[in-house]
Amino acid sequence: RMPYTKMFTEVTEKETPIGTPQVQSYHVMFLLVSFIINNWAPRYTQNLLPINAILNWSIGAADGYVAFLNKRANEYWMKVLNKWGVFLKSPLSCYVLNDEPGGWFSESAMANMPDFEKEFICDPTAPHYGFASWDDFFTRKFRDGVRPVASPDDKNIITNACESHALFLQYEVKLTDDFWVKDQWYSLRDMLNDDPYTSQFVGGTVYQASLYMLNYHRWHSPVDGKVVKAYKIPGTYYSASLNDGKDTRAPDNSQGYLCNVATRAAIFIEADNPAIGLMCLLAVGIVEVSTCEINPNLVLKDGPKTVKKGDEIGSFHFGGSAYCLIFRPGVNLQFEQTVLDSIGHLYAKSMKLNSKLATVIN
């Protein structure tokens, strides 16, 4: 109770980043969260998801850092967010799927999704474009052929696993590192939850990309191969690094840090190309967006599952998120120049799903 009390008293701001009055206590926080999870779907005009807006300044407070790392508290946050997910998957959440100001089909929204009808499976003549809920809209699918797989027969070409923008690229990653410091180094033991495969990636490469709210939120295999293990890793929901100052869109500035602590999903793929071998796709949930759903057909009850480059393997629900590709040492990768130009830029231009990401140099 103490950190949840102090994380609000530490905050000096009078308003949240979206201009609403700053919450002063966890009692009020719980009342607002209770209303949100039973009644509220995100609107297009919101700069932050609603619970995130309430907690934004507290996320960056010292006691907020303590509060949001607490394992038991995170187990309760998971139950709260799962309850909200029930609402967001219900027809009641469709009230924001319209062309009114703030709606997801409003003039301003469609200006940022100019080819929506051509790219996504939908029915513009039906109510809510044919979507049964806000989550149905959020996890919408591309029409066939919209995102062709780059060089499908060339096993040296690795493709972009999510519609996303490049964020970080780190070589010679350590087994254990101080990921909470300002530079937010990756710590493989923490990222992969001390999985038995972890040691194979020590000294290897981590590529991280980030997704916007308007992006397509399904994950696709970046290589041909076999899924040899796939599971979810429980973690935090609102934790952020203390070393990045005030963040008006917390925890955007902490995305490297989040790969080590946030709720996430790990999919290990043994690539057909021996020059790649075992690799891992790590899907990372951020704040409200911590539902990482692995495709049910990848549940390994009867051995490894074959995947082709471009096959759908999972999805995010309820908002923005990030993903990593983790490679073993000795995998010589030449990343595309568009990738390298985006590294370090938090709000770079998104790259298309299944586009060429990197080439393996034998």
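Check the entry above for the structure.
These numbers come from a predicted model, not from an experiment.

Draft legend 1. Structural context of the pairing of strand 11 (residues 321-327). Counting buried positions along strand 11 gives 7 out of 7 residues, so the element sits mostly inside the fold. Because side chains alternate across strand 11, one face comprises the buried residues Ser 321, Tyr 323, Leu 325 and Phe 327, and the other comprises Ala 322, Cys 324 and Ile 326, equally buried. Bridge count for strand 3 (residues 205-211) against strand 11 is 7 bridges, and the pairing is antiparallel. What sits directly across from Val 206, in strand 11, is Ile 326. Sheet topology places strand 7 (residues 278-285) next to strand 11; 7 bridges connect them, and they run antiparallel. If you follow Ala 283 over to strand 11, its bridge partner there is Tyr 323.

Draft legend 2. Quick peek at the sheet that holds strand 2 (residues 165-170). With antiparallel pairing, 7 strands are arranged side by side in an open sheet as 2-3-11-7-6-5-9. Two strands close off the open sheet at either side, each with one partner strand: strand 2 and strand 9 (305-307). For this sheet, the mean inter-axis angle between neighbouring strands, taken without regard to orientation, is 25°.

Draft legend 3. Up close: the packing of aromatic side chains. With the rule as written, the count across this model stands at 27 aromatic pairs. Considering the side-chain rings of Phe 201 and Phe 268, the 6.3 Å spacing of their centres and the 35° angle between planes classify their relative orientation as tilted. Of the two residues, Phe 201 is situated in the loop between helix 9 (188-191) and strand 3 and Phe 268 in strand 6 (residues 264-271); the sequence distance between them amounts to 67 residues. When the ring of Trp 219 is compared with that of Phe 316, the centres are 5.3 Å apart and the planes differ by 65°; the resulting orientation is edge-to-face. You can see Trp 219 sitting in strand 4 (residues 218-220) and its partner Phe 316 sitting in strand 10 (residues 312-317), a full 97 residues away along the chain.

Draft legend 4. Quick peek at the pattern of salt bridges. Inspection of the entire model under this criterion finds 10 salt bridges. Close ionic contact of Glu 336 with Lys 356 constitutes a salt bridge, the shortest N to O distance being 3.6 Å. With Glu 336 in the loop between strand 12 (333-335) and helix 11 (337-342) and Lys 356 in strand 13 (residues 356-360), this residue pair connects regions lying 20 residues apart in the sequence. Owing to a relative accessible area of 24%, Glu 336 belongs among the partly exposed residues under this scheme. Lys 356 gets classed as partly exposed once you look at its relative accessible area, which sits at 33%.

Thresholds, definitions, all that
Residues numbered from 1 in each chain as written. Predicted model: local features only at pLDDT ≥ 70, side-chain atom pairs only at ≥ 80, totals over all residues. Heavy atoms only, no water. Buried < 20%, exposed > 50% of the residue type's maximum accessible area, 1.4 Å probe, protein only. Helix = DSSP H or I, 4+ residues; strand = E, 2+ residues; numbered from the N terminus. Pairing = 2+ DSSP bridges. Axes fitted to C-alpha atoms, helices over the stretch in contact; angles between N-to-C directions. Phe/Tyr/Trp six-rings, centres within 6.5 Å; stacked < 30°, edge-to-face > 60°. Salt bridge = Lys/Arg side-chain N within 4 Å of Asp/Glu carboxyl O.

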